[in-house]
Amino acid sequence: MPGLDVLRGIAILGVLIDHGFAADQTPYILHPTRTMLGFEYIARLGHMGVHLFFILSGFLITGILLDSRHDADYFRNFYTRRLLRIAPAYLLMLVILFATHSITARYLAVCLLCLCNMPSLLGAQPEYPPLWSLSVEEQFYLIWPLAIRKLSLRSFTILCAAIVLLTPFLRLALLYGPTFVQDIRFKTWAVADFFAAGALLAIAARLPHLRPALTKLVLPLLTTGIILFALQHLFRKPTNLTLININHATFLEPWLLAFSGALLFAYLHPTLSTAAAFRPLIFLAKISYGLYLCHAFLFSLINSHWPIQATTHNPFPQLLLRFIVEAAISITIATISRTTFEQFFLRLKPKHVRVSHITSTPKEIT
């Protein structure tokens, strides 16, 4: 499904832009003009790239599990593939972070237990922000294979639909609940609707009688998501030139609809990968995992040696140049990792054979 690589490339590019431009607040504090605040707002939208990764994972992982759910080595193959893909680079990054005193021993234990989105359970604080989403993914991997294996296709579909419909109400309850649960951006159950939406699309893509209808959903999903986002954000203007803080967790997530439409479009148009304009995104998609792991460490290191000067009248050129340098170094290191270290372990992965539809009885499907 090469068309999805374009979306993965967009996702990692959004994350790079968010962390490259919006993470350092100094330029916006020194120059709190509407132009600078507007630029910060646009840069911060890149954080939704992580949620695009979530819906892609829901689609791809559900598809892999559906294709193999009757295999005798179902669990072994899935977890072996995931372990070989995730663990080597992840552990290497943890070694680098710990050796450079970027994380503490307590947070290292949190990372090894895949609880980076809930470090307070072990009395720790977030010390390397990108790892929260990896913990969400890893927790997803623990639950999803069992659900697909044990439930009938109909029951699993109902479960996914229920998650999509009920998660917004859970977010609403947590937003207005006790203080200790209000930081819900990092909690797996607060973003579960993205995974479940991707799963529903994976099911529909594998049912022959539903596939023709998928093309009719692309435009409504995209336009509805964009309109909801406009109503939710674009008409909310900053007051008193204070720094904009985008609400990362809302009752309704318009990006859920927009990303679903984009995913369907990319899936139904695999020739996207042949367009020259998309080749840089496809390249970023190939190295996206290593790039996601290492970029924040490198960005922070470069920022500490390249601060924005208070005397700068227009900090944007400095911001842009620094971002280009940060991105170039991060992409270079991620490319080396992907083609050497990560590739060594990827060659050991069991092969996955993809099917174009679900081989189930009509009774199970209906």
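That block above? That's the structure.
Notes on the structure in this doc start here. (Residues numbered from 1 in each chain as written. Predicted model: local features only at pLDDT ≥ 70, side-chain atom pairs only at ≥ 80, totals over all residues. Heavy atoms only, no water.)

**Concerning the overall build of the protein**
In terms of regular secondary structure, the protein is built from 15 helices and zero strands. Across the 366 residues in the protein, those meeting the buried criterion constitute 50%. Here the analysis covers contacts within the protein between residues at least 6 apart in sequence; of these, 77% occur between residues at least 24 apart. Total accessible area computed for the protein in this model is approximately 17,900 Å², and 70% of it derives from carbon and sulfur atoms. (Helix = DSSP H or I, 4+ residues; strand = E, 2+ residues; numbered from the N terminus. Buried < 20%, exposed > 50% of the residue type's maximum accessible area, 1.4 Å probe, protein only. Contact = heavy atoms within 4.5 Å. Areas by Shrake-Rupley, 256 points an atom, 1.4 Å probe, with all protein chains shown as cover.)

**Observations regarding unusual backbone geometry**
Across the chain, the bulk of peptide bonds are trans and the bulk of non-glycine residues have phi less than zero. Even without being a glycine, His101 presents a positive backbone phi close to 60°. Note on placement: His101 falls in the loop between helix H5 (74-99) and helix H6 (105-112). Although it is not a glycine, Cys114 adopts a positive phi angle of roughly 60°. If you trace the backbone, Cys114 turns up in the loop between H6 and helix H7 (131-150).

**Brief notes about the nonpolar core**
The biggest cluster of nonpolar side chains holds 98 residues, and the ones touching the most others in it are Tyr90, Tyr128, Leu131 and Trp144. The leading source of residues in this core is helix H9 (residues 192-205), at eleven residues. Excluding anything up to four places from it in sequence, Trp144 contacts Thr62, Leu65, Phe156, Cys160, Ile163 and Ala199. (Core = buried A, V, L, I, M, F, W, Y, C linked by side-chain atoms within 4.5 Å.)

**Notes on the pattern of salt bridges**
Under the definition given, this model contains eight salt bridges. One salt bridge in this structure joins Asp67 and Arg206, with 2.9 Å as the shortest N-O distance. Residue Asp67 is found in helix H4 (residues 49-68), and its partner Arg206 is found in the loop between H9 and helix H10 (211-234); the two are separated by 139 residues along the sequence. Its relative accessible area of 15% is what places Asp67 among the buried residues. On the basis of relative accessibility, which here comes to 3%, the residue Arg206 falls in the buried class. Via salt bridges that share partners, Asp24, Arg322 and Glu326 belong to a single interconnected network. (Salt bridge = Lys/Arg side-chain N within 4 Å of Asp/Glu carboxyl O.)

**Regarding the side chain of Ser337**
Along the chain, the position of Ser337 falls in helix H14 (residues 316-346). Beyond its immediate stretch of four places on either side in the chain, Ser337 contacts Glu342 and Gln343.

**As for H9**
Along its 14 residues, H9 runs 20 Å from first to last C-alpha, staying within 8% of the 20 Å computed at 1.5 Å per residue. Across the 14 residues that make up H9, a large majority, 13, are buried. (Expected span 1.5 Å × (residues − 1).)

**Some points on a nonpolar patch on the surface**
A cluster of nonpolar side chains, Phe75, Tyr79, Leu142, Ile143 and Leu146, forms an exposed patch at the surface whose accessible area comes to about 470 Å². Of all the secondary structure elements, the ones that give two or more residues to the nonpolar patch are H5 and H7. Among the elements that line the nonpolar patch, the one with the most residues is H7, at three residues. Within the fold, Tyr79 resides in helix H5. (Patch = residues over 30% accessible without salt bridge, like charges linked within 9 Å, V, L, I, M, F, W, Y side chains within 5 Å.)

**Some details on the packing of H5 against H14**
Packing of H5 against H14 brings their axes to within 8 Å, and their N-to-C directions diverge by 135°. Judged by the angle between their axes, H5 and H14 are oblique. In the crossing of H5 with H14, the sense of the turn from one axis to the other is right-handed. The segment H5 lies against H14, with Leu84, Arg85, Pro88, Ala89 and Leu92 engaging Arg338, Phe341, Glu342, Phe345 and Leu346. Across the contact of H5 with H14, the residue classes tally to seven nonpolar, no polar and three charged. (Axes fitted to C-alpha atoms, helices over the stretch in contact; angles between N-to-C directions. Parallel < 35°, antiparallel > 145°, perpendicular 65-115°, else oblique. Left-handed = near helix turned anticlockwise from the far one by under 90°. Nonpolar A, V, L, I, M, F, W, Y, C, P; charged D, E, K, R; others polar.)

**Some remarks on the packing of helix H1 (residues 3-22) against helix H13 (residues 288-305)**
Contact geometry for H1 and H13: axes closest at 11 Å, N-to-C directions at 5°. Judged on the interaxial angle alone, H13 and H1 are roughly parallel. Listed contacts from H13 to Arg8, Ile12, Val15, Leu16, His19 and Gly20 of H1 are Ser288, Leu291, Tyr292, His295 and Phe299. Along the lines of polarity and charge, the residues of the contact of H1 with H13 split into six nonpolar, four polar and one charged.

**Here's the deal with the layout of surface pockets**
Put simply, the largest pocket is a space of about 1,100 Å³. Surrounding the largest pocket, 33 residues form its lining, Arg8, Leu60, Arg82, Arg85 and Lys349 being those nearest its centre. Of all the elements in the fold, those that place two or more residues in the lining of the largest pocket are H1, H4, H5, H7, helix H12 (279-286), H13 and H14. Ranked by residue count, the leading element in the lining of the largest pocket is H4, at eight residues. Each residue belonging to the lining of the largest pocket can be placed in one class, and the counts come to 18 nonpolar, four polar and eleven charged. By volume, the second largest pocket amounts to about 640 Å³. If you list the elements that add at least two residues to the lining of the second largest pocket, you get H1, H4 and H13. Broken down by element, the residue count for the lining of the second largest pocket peaks at seven residues, all from H13. Broken down by class, the residue content of the lining of the second largest pocket amounts to 15 nonpolar, eight polar and five charged. (1 Å grid on protein atoms, 1.4 Å probe; cavity = no way out; pocket = protein on both sides within 12 Å on 5 of 7 lines; lining within 4 Å. Points joined across faces, edges and corners; volume = space filled by probe spheres on them.)

**Here we look at the side chain of Arg85**
Tracing the backbone through its elements, the reader meets Arg85 in helix H5. Residue contacts for Arg85: discarding those within four places in its chain leaves Tyr289, Arg338, Glu342, Leu346 and Lys349.

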